[in-house]
Amino acid sequence: MAISYKDAGVSIDDGNDFVKAIKPLAKETFNENVLGDIGSFSGAFAMPQGFKNPVMLAATDGVGTKLRLAIDTQMYDGIGEDLVAMCVNDLICNFATPLFFLDYYASAKLDIKVAKKVIASIVNGCKKANCALIGGETAEMPSMYHGKDFDLAGFAVGMAEKEEIDRRNFVKNGDILLALASSGLHSNGYSLARKVLFEKQRLKFDDKIDGKNIIDILLEPTKIYVQDFLKLKPFINTLAHITGGGLIENLPRIFPKGMGAIIRKHHLKTPEIFYQIGQDVYEDEMYRTFNMGVGLVMAVSPCNVGKVLENSNAFIIGEVVLNEKIVLE
């Protein structure tokens with residue numbers, strides 16, 4: 001008896017049905033620069049106008065083992081926003097305006113209902129980032145994944161002026177460091193968080209911290225800072241997306257040689273979830289693994305601090321100094 005592709009675990013028909021189902025969702029993100037439709041061999045995007053010396057920038061990322069929690073709890077409504085955020089928040093650190101986004105969704109067996117929820121959350125993220133979802137790829141790989149498991153990857157492209165990309169040249173000794181709060185753990189440190197909370201401390205998903213279920217705190221989507229960036233861009237010298245490595249590892253990436261920072265820990269607005277995890281993790285490890293409540297850090301000239309504070313929910317956490325270290329005090 002002949003064997004079909006479906007017998008091997010891959011349904012072409014399900015893949016086609018999925019593309020039809022998500023087309024209307026993706027179109028919600030389209031703007032005048034999107035050319036063509038979802039389902040072609042590639043996505044097309046017209047070069048935006050208004051740039052004098054344009055350079056295209058690209059970023060790619062996933063959401064790490066936060067996805068494990070989403071799968072285990074079947075809570076998919078925010079995981080796509082995480083995917084978009086991890087890419088576009090990197091782009092803005094090089095002063096790039098996000099233009100478009102692509103996704104990659106791989107599973108053992110395509111569950112159209114689940115996949116559609118994930119794509120819907122990606123669409124929500126793209127709307128918040130002002131970028132178009134112009135394409136993606138869905139793969140069924142029963143020999144690579146098992147059960148309900150799936151994985152996600154995202155790819156974002158933006159545009160910036162060439163002379164604005166390397167922000168280190170704009171940083172000066174004495175610049176003030178202002179932070180925009182994170183919405184929680186964002187998408188980093190989940191392997192450690194899961195081990196501490198659910199293995200060491202033996203907490204349950206519905207145990208509460210500050211009146212909220214732990215699982216809701218952990219699955220809170222990563223905040224997308226594109227709108228803040230576009231509003232504050234004229235007043236910022238440089239900015240850092242605080243992801244894996246925390247403040248300790250990410251801040252040095254935005255400073256020129258010979259400069260570092262003093263960060264005042266008591267100025268951080270650290271949510272209780274970090275203190276809960278910190279009961280079983282050394283403080284140094286916490287600051288090297290988690291964002292500790294800071295999603296984005298901006299270095300701002302003293303004369304522009306007032307403008308940033310007036311136009312955002314930013315708060316001062318320290319300053320740039322002549323020292324190639326990040327000092328937490």
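Shown above is the structure to which this text applies.
Within every chain, residues take consecutive numbers counted from 1 along the sequence as written. In view of the model being predicted, local features appear only for residues whose pLDDT reaches at least 70, and side-chain atom pairs are presented and counted only at 80 or more, with totals across whole chains, interfaces and linings using the full set of residues. Just so you know, side-chain values use all the structure's heavy atoms and leave hydrogens and water out.

Asker: Please set out the sheet that holds strand β7 (residues 176-181) residue by residue, giving values where relevant.
Answerer: Strand pairing requires that DSSP identify at least two bridges connecting the strands. Strands are runs of DSSP state E lasting at least two residues, helices are runs of H or I lasting at least four, and both sets are numbered from the N terminus onward. Taken in spatial order, the six strands line up as β10-β12-β7-β13-β11-β14 in an open sheet, and their pairing is mixed. The strands lining the two open edges of the sheet, one partner per strand, are β10 (238-241) and β14 (326-328). Neighbour-to-neighbour, the strand axes of this sheet turn through a mean angle of 25°, independent of strand direction. One ladder, built from three bridges, connects strand β11 (residues 260-263) with β14; its direction is parallel. Each residue of the ladder has a partner; that of Ile263, found in β14, is Leu328. Axes, fitted as lines to C-alpha atoms, cover a helix only where it is in contact. Angles between the N-to-C directions of the axes lie from 0 to 180 degrees.

Asker: How would you explain the sheet that holds strand β5 (residues 132-140) if you had to name every residue and give the values?
Answerer: Pairing in this open sheet of four strands is mixed, and the strands run β3-β6-β4-β5 from one edge to the other. A single partner strand is all that each edge strand has here, and the edge strands are β3 (54-61) and β5. When the angles between neighbouring strand axes are averaged without regard to direction, this sheet yields 15°. One ladder, built from 10 bridges, connects strand β4 (residues 97-107) with strand β6 (residues 150-161); its direction is antiparallel. By the bridge assignment, Tyr105 is partnered in β6 with Leu152. The contact definition used throughout considers only heavy atoms, calling two residues in contact when any of these lie within 4.5 Å. On the sheet, helix α4 (residues 112-129) packs against β4, β5 and β6 and is oriented at approximately 165° with respect to β4.

These figures capture arrangement, not role.
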